[in-house]
Amino acid sequence: MAYSLPYEVYVLLEEAFNQDRAKAEVFAHAVEEALQAIEQQAEERITAKKEATKAEVYNALRNELATKEFVRAEINELRAEFRAEINELRTEINELRTELTQLRGELKQNALLLKMLIGIAVFGLTLFNPAFVKLVELLMK
């Protein structure tokens, strides 16, 4: 940005150089260039400081935030754990199915034994019933 001195400063410089306008203009031009150089250096320092701060913030955030690799590793670890748990549950389910099949077999066997016991009880009660004995005697005669 070009910087120029106000008109009043030119007038003061002419008075300081005893009305020598050429010297006043040379001095004013030198002051303007010095101000421009100072401004340019300030802008460069600000830009450098801005870049340095930006890099510091980026590095600080990078250390704080999870990276893609870290997240992927965590996801893969969780998947492996879940797969192991699922396999354990499948094993338990298969064991329970086997046990349930065994219980069903035992239940069928107990049902058959119960039917036989009821049949024997009915046969025994019928056979030793005095009215039945008389009926059989009548039929046999």
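Residues numbered from 1 in each chain as written. Predicted model: local features only at pLDDT ≥ 70, side-chain atom pairs only at ≥ 80, totals over all residues. Heavy atoms only, no water.

(A) Representation of the overall build of the protein. When its secondary structure is counted, the protein shows 4 helices and 0 strands. Counting from the amino terminus, the protein carries its helices and strands in the arrangement α-α-α-α. Computed over the C-alpha atoms, the radius of gyration of the protein is 54 Å, more than 25% above the 14 Å expected from 2.2 N^0.38 for a compact globule of 141 residues. By principal-axis analysis of the C-alpha atoms, the protein measures approximately 170 × 25 × 15 Å. For the protein, the residues scored as buried account for 5% of the 141 residues in total. Accessible surface for the protein amounts to roughly 13,100 Å². Of this, 62% is attributable to carbon and sulfur atoms. For the protein, the distance from the average site of its 18 positive side-chain charges to the average site of its 24 negative ones is 22 Å. (Helix = DSSP H or I, 4+ residues; strand = E, 2+ residues; numbered from the N terminus. Rg over C-alpha atoms; globule rule 2.2 N^0.38 Å. Buried < 20%, exposed > 50% of the residue type's maximum accessible area, 1.4 Å probe, protein only. Areas by Shrake-Rupley, 256 points an atom, 1.4 Å probe, with all protein chains shown as cover. Lys, Arg positive; Asp, Glu negative; His and termini not counted. Charge placed at Lys NZ, Arg CZ, Asp CG, Glu CD.)

(B) Looking closely at the confidence of the model for the protein. Averaged over every residue, the pLDDT of the protein is 86; residues scoring 70 or more account for 97%. Here helix α1 (residues 7-16) stands out as the least confident element of the protein, with mean pLDDT 75; helix α3 (residues 68-127) is the most confident, with 93. (pLDDT = per-residue confidence, 0-100.)

(C) Just the packing of α1 against helix α2 (residues 21-64), in detail. Following both chains from N to C, one finds α1 and α2 inclined at 130 degrees, their axes separated by 8 Å at the closest point. Taken together, the axes of α1 and α2 lie oblique to each other. Where α1 crosses over α2, the handedness of that crossing is right-handed. Across the interface between the two elements, Y10, L13 and E14 of α1 pack against R21, A24, F27, A28 and E32 of α2. In terms of residue class, the contact of α1 with α2 is made up of 5 nonpolar, no polar and 3 charged. (Axes fitted to C-alpha atoms, helices over the stretch in contact; angles between N-to-C directions. Parallel < 35°, antiparallel > 145°, perpendicular 65-115°, else oblique. Left-handed = near helix turned anticlockwise from the far one by under 90°. Contact = heavy atoms within 4.5 Å. Nonpolar A, V, L, I, M, F, W, Y, C, P; charged D, E, K, R; others polar.)

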